[in-house]
Amino acid sequence: MKTWDELKEACSSCTKCELHKTRTNVVFGVGNSTAEVLFIGEGPGESEDLKGEPFVGRAGRLLDDMLKIIGLSRTENIFIANIVKCRPPGNRDPLNTERELCYEWLKAQIDILKPKIIVCLGRIAAAVLINSDFKITQDHGKWFDIDGINYMALYHPAALLRDPNKKPDTFVDLKELERKIRETCKRTL
Ligand code: URA
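Being a predicted model, the structure only gives us computed values, none of them experimental.

On to the environment of Thr184. Relative to the helices and strands, Thr184 resides in helix H8 (residues 167–184). We classify Thr184 as partly exposed; its relative accessible area is 23%. Separated by 148 residues in the primary sequence, Thr184 and Glu36 have C-alpha atoms spaced 9.2 Å apart. Every residue in contact with Thr184, bar those within four places of it in the chain, is listed here: Lys116, Ile117 and Asn150. Side-chain polar atoms of Thr184 contact the backbone oxygen of Lys180, separated by 2.6 Å.

This brings us to the pattern of salt bridges. Inspection of every chain in the model, using the stated rule, returns 15 salt bridges. The closest approach of N and O atoms between Glu53 and Arg74, which form a salt bridge, is 2.9 Å. Here the residue Glu53 occupies a position in the loop between helix H2 (46–51) and helix H3 (58–69), and Arg74 occupies one in the loop between H3 and strand E3 (79–82), the gap between them amounting to 21 residues. Look at Arg74 and you get buried, because its relative accessible area is 9%. With its nearest N and O atoms 3.0 Å apart, the salt bridge here joins Glu183 to Arg179. Placement of both Glu183 and Arg179 in helix H8 is noted, with a separation of 4 residues, approximately one turn of the helix. The exposure class of Arg179 is partly exposed, given its relative accessible area of 39%. Overlapping salt bridges bring together Lys51, Glu53, Asp64 and Arg74 as one network.

To continue, consider the side chain of Gln109. Residue placement: Gln109 occurs in helix H4 (residues 96–113). The exposure class assigned to Gln109 is buried, which follows from its relative accessible area of 1%. At a separation of 3.0 Å, a polar atom in the side chain of Gln109 contacts the side chain of Lys85. Discounting residues that sit within four places of it in the chain, Gln109 has contacts with Trp4, Leu7, Phe28, Phe79, Ala81 and Lys85.

What follows deals with the site of the ligand. What surrounds the ligand is the set Gly41, Glu42, Gly43, Glu48, Pro54, Phe55, Asn82 and His156. Note that an oxygen atom of the ligand is positioned 2.7 Å from one of the backbone N or O atoms of Glu42. Here Phe55 contributes a backbone N or O atom positioned 3.0 Å from an oxygen atom of the ligand. Protein chains shield 90% of the accessible area of the ligand, which is 240 Å² for the free molecule.

A word on the side chain of Glu98. Summarising the element assignment, Glu98 is placed in helix H4. A residue is classified by how much of its surface remains accessible, and Glu98, at 4% relative accessible area, is buried. Ignoring sequence-local partners within four residues, the contact set of Glu98 consists of Cys17, Leu19, Val84 and Arg92.

A few words on the packing of H3 against H8. For the pair H3 and H8, interaxial distance at closest approach is 10 Å and the crossing angle is 45 degrees. The angle between H3 and H8 places the two elements in the oblique class. Crossing handedness for the pair H3 and H8: right-handed. Judged by residue contacts, Leu62, Met66 and Ile69 of H3 engage Lys167, Thr170, Phe171 and Leu174 from H8. Residues of the contact of H3 with H8, tallied by class, amount to 5 nonpolar, 1 polar and 1 charged.

About the criteria used
- Numbering of residues begins from 1 in every chain and follows the order in which that chain's sequence is written.
- Reporting in this predicted model follows two pLDDT cut-offs: at least 70 for local features of residues, and 80 or more for side-chain atom pairs to be given and counted; totals over whole chains, interfaces and linings ignore these cut-offs and use all residues.
- Hydrogens and water are ignored here; the side-chain numbers use all heavy atoms of the structure.
- Each helix corresponds to a stretch of at least 4 residues labelled H or I by DSSP, and each strand to a stretch of at least 2 residues labelled E; elements are numbered beginning at the N terminus.
- Three labels apply to residues, based on accessible area from a 1.4 Å probe with only protein chains included: buried if under 20% of the type maximum, exposed if over 50%, partly exposed otherwise in between.
- Here a residue-residue contact requires only that any non-hydrogen atoms of the pair lie within 4.5 Å.
- Polar contacts, as counted here, are pairs of nitrogen or oxygen atoms within 3.5 Å of one another; within protein the pair requires one atom able to donate a hydrogen and one able to accept it, and residues that are adjacent in sequence qualify only if both atoms are side-chain atoms.
- Salt bridge, as applied in this entry: a Lys or Arg side-chain nitrogen positioned within 4 Å of an Asp or Glu carboxyl oxygen.
- Proximity is defined per residue: any heavy atom of the residue falling within 4 Å of a molecule or strand makes that residue near it.
- Only the protein chains shown count as cover for residues, and all accessible areas are computed by the Shrake-Rupley method using a 1.4 Å probe.
- Axes here refer to lines fitted to C-alpha atoms; in helices the fit is confined to the stretch in contact. Angles between the N-to-C directions go from 0 to 180 degrees.
- With respect to orientation, any angle under 35 degrees is reported as roughly parallel, any angle over 145 as roughly antiparallel, any angle of 65 to 115 as roughly perpendicular, and every other angle as oblique.
- Less than a right angle of anticlockwise turn of the near helix away from the far helix marks a crossing as left-handed, whereas a clockwise turn marks it as right-handed.
- When residues are grouped by polarity, Ala, Val, Leu, Ile, Met, Phe, Trp, Tyr, Cys and Pro land in nonpolar, Asp, Glu, Lys and Arg in charged, and all others, Gly among them, in polar.

As structure tokens, then:
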């Protein structure tokens, strides 16, 4: 198995799908490479493509505020990645083939990190990782044990920006996440 740094280097020169032709940067992820908690979004947008870091636009600033409420930080105690690592042109949805090819990188990240908890940001990440017809309005904040890893989905921060009425539910979900981290993780909080 590759080390984390070897994986990052290999991923950074990936040409497995057409997205490599239009990307500026591969967005491998940000954070602590020994984190017990892994957050997973959908894919990079324009700002993320330019900076090579996930969640750096407006939704990213909201995500940082959400994390702070329960003592998490993208630079210290979690890792943040995406389902696809290169920006789909014009922010179109990634094609199934792009998702499938890119999943090999995410799977390798999960295998090396061995997180105790995976938090899916939004329906798309939850559909790929938890259940293909995941209902985010119904199933956000619930736990799913898959192969010994605890999965939960939160509303995507961009959805919270579009509909602030969802924020109280997300606050409850974050507090539940904090509880689970205290129960399950030794090094995070
Ligand atoms: N939305 C995502 O799902 N991921 C990012 O990195 C940025 C915005």
